[in-house]
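Chains, contacts and geometry: an overview
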Amino acid sequence: MRLLKQLVAVAVVAFAGGAITGAVQGNAFLTLVIGVAAAVLAVFVYARVVRWSERRAPVEVARKGAVPAVGRGMLIGAGMFAAVIVNIAFIGGYRVDGLGSVTGAVGLLGFMAAAAVTEELLFRGVLFRIVEEWTGTWIALTLTGLLFGLMHLTNQHANLWGAIAIAIEAGGMLAAAYAATRTLWLPIGLHFGWNFAAAGVFGTEVSGNGAQEGLLNGVTSGPALLTGGDFGPEASPYAVLFGALLTIVFLWLAHRRGTLVPRRRRARTGAAATLSQ
């Protein structure tokens, strides 16, 4: 029941925050304020419901070390997307057609903050963490990664390949980042840095949701197989490659730190043997 309680609590905040943010999206300042407020409220609600339903301190969202962890994640996410854009531009698939809008980028700060925080709380904080306790890290990473990718099929220009790409490069990578650090701050920063770089800086499509007005007026062209087409650069093989490489790095760190959770096969076997006696 704790899975359901935590999902519902955070989902209510995410839905309400998304609805209000969407309603004022034409006003950059209001979008920024409401988006940040929704992100802060979501963390507060998550911490409270975890404390209530699990009778423990929510250490995965502890304030100590939050700022540097988010900062590191933002640098990794933005750097990763920049690398994807550089590779797409190298083959002639991306160009800058003038400057975009500072105001639009400011609004996207709030919108992307709310999206990154609520999605990480739901998918890594609740789903991955609890499923991992039942099945171990590897199965939880696979299941929640696939679910995260399939969720993006509801987007405007979504397609199956785009959902698969998101499952690999984002669903797997973000869960692995949590497994390696056991804090949600790094995945939140990574998620935000990636999304804001895509829309707020380079002005490209984000997960098939349409092009956003960022700091640069970015134009993509050429084979969809390489550029990601209508879904955006996240469906590019470069994004999948870099995301997969980061997933491997995070899982290696988790293995080295001893934070991978094994399957509970031994516990189930022992329990079955006890019952048979």
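Everything quoted here is computed from the prediction, not taken from an experiment.

Once that is clear, we can look at the overall build of the protein. The secondary structure content of the protein amounts to ten helices and two strands. Counted from the first residue to the last, the protein has its helices and strands arranged as α-α-α-β-α-α-α-α-β-α-α-α. Taking 2.2 N^0.38 as the reference for a compact globule, 277 residues should give roughly 19 Å; the C-alpha atoms of the protein span a radius of gyration of 19 Å, in line with that estimate. Expressed as lengths along the three principal axes of its C-alpha atoms, the size of the protein is roughly 75 × 40 × 30 Å. Split into buried and exposed, the 277 residues of the protein put 49% on the buried side. For the protein, the share of sequence-separated contacts (at least 6 apart) that also reach a separation of at least 24 residues comes to 77%. Approximately 13300 Å² of the protein is accessible, and the part contributed by carbon and sulfur atoms is 69%.

Here we take up helix 2 (residues 28-54). Structurally, the α-helix is built with 3.6 residues per turn, so residues lying three or four positions apart point the same way. Counted at 1.5 Å a residue, the expected span for helix 2 with its 27 residues is 39 Å, and the 38 Å between its end C-alpha atoms agrees. Regarding helix 2, its N-cap is Asn 27, as a side-chain oxygen of that residue lies 3.1 Å from the backbone nitrogen of Phe 29 further along. The first or second residue beyond helix 2 is Arg 55, which carries a positive phi of 55 degrees.

Position of Arg 124 among the secondary structure elements: in helix 4 (residues 102-135). Among the polar contacts made by the side chain of Arg 124, one reaches the side chain of Glu 120 at a distance of 2.6 Å. Ignoring anything within four residues of it in the chain, the contact list for Arg 124 reads Glu 119, Arg 129, Phe 148, Gly 171, Leu 174, Ala 175, Tyr 178, Leu 184 and His 191.

A few words now on the confidence of the model for the protein. Averaged over all residues, the pLDDT of the protein is 90; the fraction at 70 or higher stands at 94%. Taken together, the stretch residues 266-277 has pLDDT below 50 and engages in two contacts with residues farther than four places along the chain or on a different chain.

Applying the stated criterion across every chain, the model contains six aromatic pairs. Relative to Trp 194, the ring of Phe 81 lies with its centre 5.0 Å away and its plane at 85 degrees, an arrangement referred to as edge-to-face. Placement of the pair is Phe 81 in helix 3 (residues 66-90) and Trp 194 in helix 7 (residues 185-201), with a sequence separation of 113 residues. Looking at Phe 81, the relative accessible area reads 0%, which means it is buried. Assessed through its relative accessible area of 6%, Trp 194 is described here as buried. Plain terms: the ring middles of Phe 81 and Phe 202 are 5.9 Å apart, the flat faces sit at 40 degrees to each other, and that makes the pair tilted. With Phe 81 in helix 3 and Phe 202 in the loop between helix 7 and strand 2 (216-220), this residue pair connects regions lying 121 residues apart in the sequence. Across the pair, exposure class does not vary: Phe 81 and Phe 202 are buried alike. Feature note: the residues Phe 81, Tyr 94, Trp 194 and Phe 202 constitute an aromatic cluster, connected by ring pairs. Note that Arg 124 overlies the ring of Phe 148, its terminal NZ or CZ placed 4.5 Å from the centroid.

This part covers the layout of surface pockets. For the largest pocket, the calculated volume is near 650 Å³. Contributing to the lining of the largest pocket are 35 residues, with Phe 111, Ala 115, Glu 119, Asn 195 and Asn 209 lying nearest its centre. For the lining of the largest pocket, the secondary-structure elements that each account for two or more residues are helix 1 (2-23), helix 4, helix 5 (137-151), helix 6 (160-181) and helix 7. Among the elements that line the lining of the largest pocket, the one with the most residues is helix 4, at seven residues. Residue classes in the lining of the largest pocket are distributed as 18 nonpolar, 14 polar and three charged. Here the second largest pocket is characterised by a volume of approximately 320 Å³. Ala 39, Val 70, Val 117, Trp 185 and Ile 188 are the residues nearest the centre of the second largest pocket, which is lined by 16 residues in total.

Next up on the list: the environment of Pro 187. With respect to the element layout, Pro 187 can be found in helix 7. The sequence separation of Pro 187 and Gly 73 amounts to 114 residues, and the corresponding C-alpha distance is 6.3 Å. Not counting the four nearest positions on each side in its chain, Pro 187 is found in contact with Glu 120, Leu 174, Ala 177 and Tyr 178.

Conventions adopted
- Residues numbered from 1 in each chain as written.
- Predicted model: local features only at pLDDT ≥ 70, side-chain atom pairs only at ≥ 80, totals over all residues.
- Heavy atoms only, no water.
- Helix = DSSP H or I, 4+ residues; strand = E, 2+ residues; numbered from the N terminus.
- Rg over C-alpha atoms; globule rule 2.2 N^0.38 Å.
- Buried < 20%, exposed > 50% of the residue type's maximum accessible area, 1.4 Å probe, protein only.
- Contact = heavy atoms within 4.5 Å.
- Areas by Shrake-Rupley, 256 points an atom, 1.4 Å probe, with all protein chains shown as cover.
- Expected span 1.5 Å × (residues − 1).
- Polar contact = N/O pair within 3.5 Å; in protein donor to acceptor, adjacent residues only side chain to side chain.
- pLDDT = per-residue confidence, 0-100.
- Phe/Tyr/Trp six-rings, centres within 6.5 Å; stacked < 30°, edge-to-face > 60°.
- Lys NZ or Arg CZ within 6 Å of the ring centre and 35° of its normal.
- 1 Å grid on protein atoms, 1.4 Å probe; cavity = no way out; pocket = protein on both sides within 12 Å on 5 of 7 lines; lining within 4 Å.
- Points joined across faces, edges and corners; volume = space filled by probe spheres on them.
- Nonpolar A, V, L, I, M, F, W, Y, C, P; charged D, E, K, R; others polar.

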